[in-house]
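Chain and residue survey
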Amino acid sequence: MYKVLIVDDEILVRLALKNSINWNKYGMTVIADVQNGHAAWEIYKKEKPDLIITDIKMPIIDGMELIKKIREKDKETVVIILSCLEDFELLRQAVSLNISGYILKLTMSNEEIENVLSKAQDELKGIHEGKPTLTLDNNLIKEKMIKELIFYNNCSINEFNQSVIGLKLRIKPNNLLMCLIEIDHFEQVRKGYSYENGQVLSQSILNILDEISNQYERIEALRVDDSHYILLFSFHDISSEQSIQEELYTILGHIKKVLKTYFNSTATFGISGLRNGFASLKDLYTECLDILKQKFYLGLDTYITNSSKSFVRKAYENNKESLKEICGGVYMFNELIRNGINSRIESFIQSEDISSKEQVQNLFVEWIYWLYVSLNLNGEDIDVLLGSCLEQLHYSETFEEMIEVFKEYIDGVNNIAGKKKALSREVAKATRFIKVHYPEDITLQQVAEHVNLSPNYLSGLLKREIGLSFVEYLNYIRITKAKELLSNTDLKSYEIAEKVGFTDDSYFSRSFMKQTGIRPNKFRRQSMQVLGE
């Protein structure tokens, strides 16, 4: 376990850090928490902690002196600073002392602390494995300061102006323009590059944006989250709006090309208007967020500005026209079901209002569940199709993509309604056994003995013929029975979980979510709504 020492003259801060974090999760244990640098130095000499989390301003020996004394002894102890916004100059000085991160006291949350600890854990692993480590640099301080102004309003304009000068940022307060970049289908990009987590990929993207920013000397780039990045432009030396537009789109075109080349990814750009003064940064960001919502209607890989709003209505109507094609695709359904789904689609098409992404998404989910319940098609195929389409809907980023998912669901239901698979004798016997004994704590070994096959051979047969492993099929049967109980009884979720064979209610909820795309209680509500129509 990595040894952690907490140093702060405020007892509440020490207690909060010590007791609110699951230190075991990071392979760490808190060996002591003390109120000043002198006490910390004595513990350091005796215990040699791996990680020190220290305040900067403290009595007797302050944080800066403590870090200097430690660095005279070793370069490997990982140091994280607790600071306030007014400690900004001290924080800059601490960079030269090889600190690894910092936490702002005023805004610290468990999520922020855990992110910093996760990076510290990686650094400690690197130290023990002899790998190079990362330290805090001006880019991280820059990102923190800009975020403090935009998101939290915890930084005064005077403080921000000082940080712009002190960090030698490439922006001036005149002719400011913001661009919010959204990486299209970020999760797919991440999976395509086999990155362990989104942060590794997002850091690579940010590095490239920084390199491009250095070339043009009028941009600062920062990360909002894994899939969103801010480009802050300062066209202080250009007065012509046409010239600004020309240079802007040259730079954005460069970024699009690089993202495609290095990550095989497209991006959508929400572009604000021009404003003056750093006080306008929060408004510029709000404007970009609002503009980027239009991506749902206008599609991926686009530049979107305030003037793009005039195209939203036309794109929306074009997408509604595409829905009409679906009305003719429900040929395998009886007349009652055909009329039911067609009337729902027609009702939406006739509506004059432009629905939001969330409203459209919920509508498709409602239609899918209405068909699922109304058709009463039981079987592995229909549930696999349902889960797949709900997952695709969840990750769909445009109206057009959602329409394609719904078309896929209609086509899949048509195919399933028209055919049934034949199973081998052993698999048929195994599935019958599982359907009878699913409430029990049955194992693959038991089922294999029942059909006189080895567990490995039966497992392969199940995967080949029904496309599911033993555990997946057992959970499928249990969830199918659970859906019946949710729709037809008043039993509580944990009672249903126990009845269908789950010993852990949280595992039941996760399994239900994985198979159906929603939690048990939400399924019950939607099922009741459909049956009540």
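Refer to the preceding data block for the structure.
In this text, all values refer to a predicted model and were calculated from it rather than measured experimentally. (Residues numbered from 1 in each chain as written. Predicted model: local features only at pLDDT ≥ 70, side-chain atom pairs only at ≥ 80, totals over all residues. Heavy atoms only, no water.)

Concerning helix α2 (residues 37–47)
The condition that has to hold: Type-normalised accessible area, obtained with a 1.4 Å probe on protein chains alone, sets the label of each residue: buried when under 20%, exposed when over 50%, and partly exposed for intermediate values. Secondary structure elements are defined from DSSP: runs of H or I of at least 4 residues count as helices, runs of E of at least 2 residues count as strands, and each element is numbered from the N terminus. By construction, the arc corresponds to the directions joining the helix axis to the C-beta atoms. Whenever two N or O atoms come within 3.5 Å, that pair is a polar contact, provided that in protein one can donate a hydrogen and the other can accept it, and provided that, for residues adjacent in sequence, both atoms are side-chain atoms.
Buried within α2 we find Gly37, Ala40, Trp41, Ile43 and Tyr44. Summarising the axial view, the buried residues of α2 lie within an arc of 165°, below the 170-degree limit, and thus occupy one face. The opening residue of α2 is Asn36, an N-cap whose side-chain oxygen sits 3.0 Å from the backbone nitrogen of His38. A positive phi of about 45° marks Lys48, the residue just after α2.

Points about the nonpolar core
The nonpolar side chains of a soluble globular protein tend to be buried, and buried together. For clarity, the threshold we go by: Here, the term nonpolar core denotes a set of buried Ala, Val, Leu, Ile, Met, Phe, Trp, Tyr and Cys residues that are joined through side-chain atoms within 4.5 Å. Every residue pair with non-hydrogen atoms within 4.5 Å of one another is taken to be in contact.
Counting residues in hydrophobic clusters, the biggest one holds 65 residues, and the most contacted among them are Leu323, Phe364, Phe399, Phe406 and Tyr409. For Leu323, the residues in contact, after removing those within four places along its chain, are Ile345, Phe348, Ile349, Phe364, Trp367, Phe399 and Ile403. In this structure, Ile99, Ile141, Leu232 and Tyr285 belong to the second largest nonpolar core, which totals 32 residues.

Section: the pattern of salt bridges
Keep this limit in mind: By convention in these notes, a salt bridge is any Lys or Arg side-chain nitrogen within 4 Å of a carboxyl oxygen on Asp or Glu.
Within the structure shown, the criterion is met by 24 salt bridges. The salt bridge partner of Lys483 is Asp383, with a shortest N-O separation of 3.1 Å. With Lys483 in helix α21 (residues 470–488) and Asp383 in helix α16 (residues 380–395), the pair connects residues that are 100 residues apart, well separated along the chain. For the pair Lys483 and Asp383, a shared accessibility class is recorded, and that class is buried. Connected through shared salt-bridge partners, Glu182, Asp184, Lys295 and Glu397 make up one network.

Quick look at the sheet that holds strand β4 (residues 78–83)
The line we're drawing: Any two strands with at least two DSSP-identified bridges between them are counted as paired. Geometry is summarised by axes, namely lines fitted to C-alpha atoms with helices restricted to the contacting stretch, and by angles between N-to-C directions that run from 0 to 180 degrees.
Taken in spatial order, the 5 strands of this open sheet run β2-β1-β3-β4-β5, and their pairing is parallel. Edge positions in the sheet fall to β2 (28–34) and β5 (101–104), since each of these pairs with one other strand and no more. Strand-to-strand twist across the sheet, computed as the mean angle between neighbouring axes with direction ignored, equals 20°. With 4 bridges connecting them, β4 and β5 associate as parallel partners. Residue pairing for β5: Ile81 is matched across the bridge by Tyr102. Across the sheet, helix α1 (residues 11–20) touches β1 (2–7), β2, β3 (51–55) and β4, and the angle it forms with β2 is around 170°. Docked against the sheet, helix α3 (residues 63–73) engages β1, β3 and β4, running at close to 155° with respect to β3.

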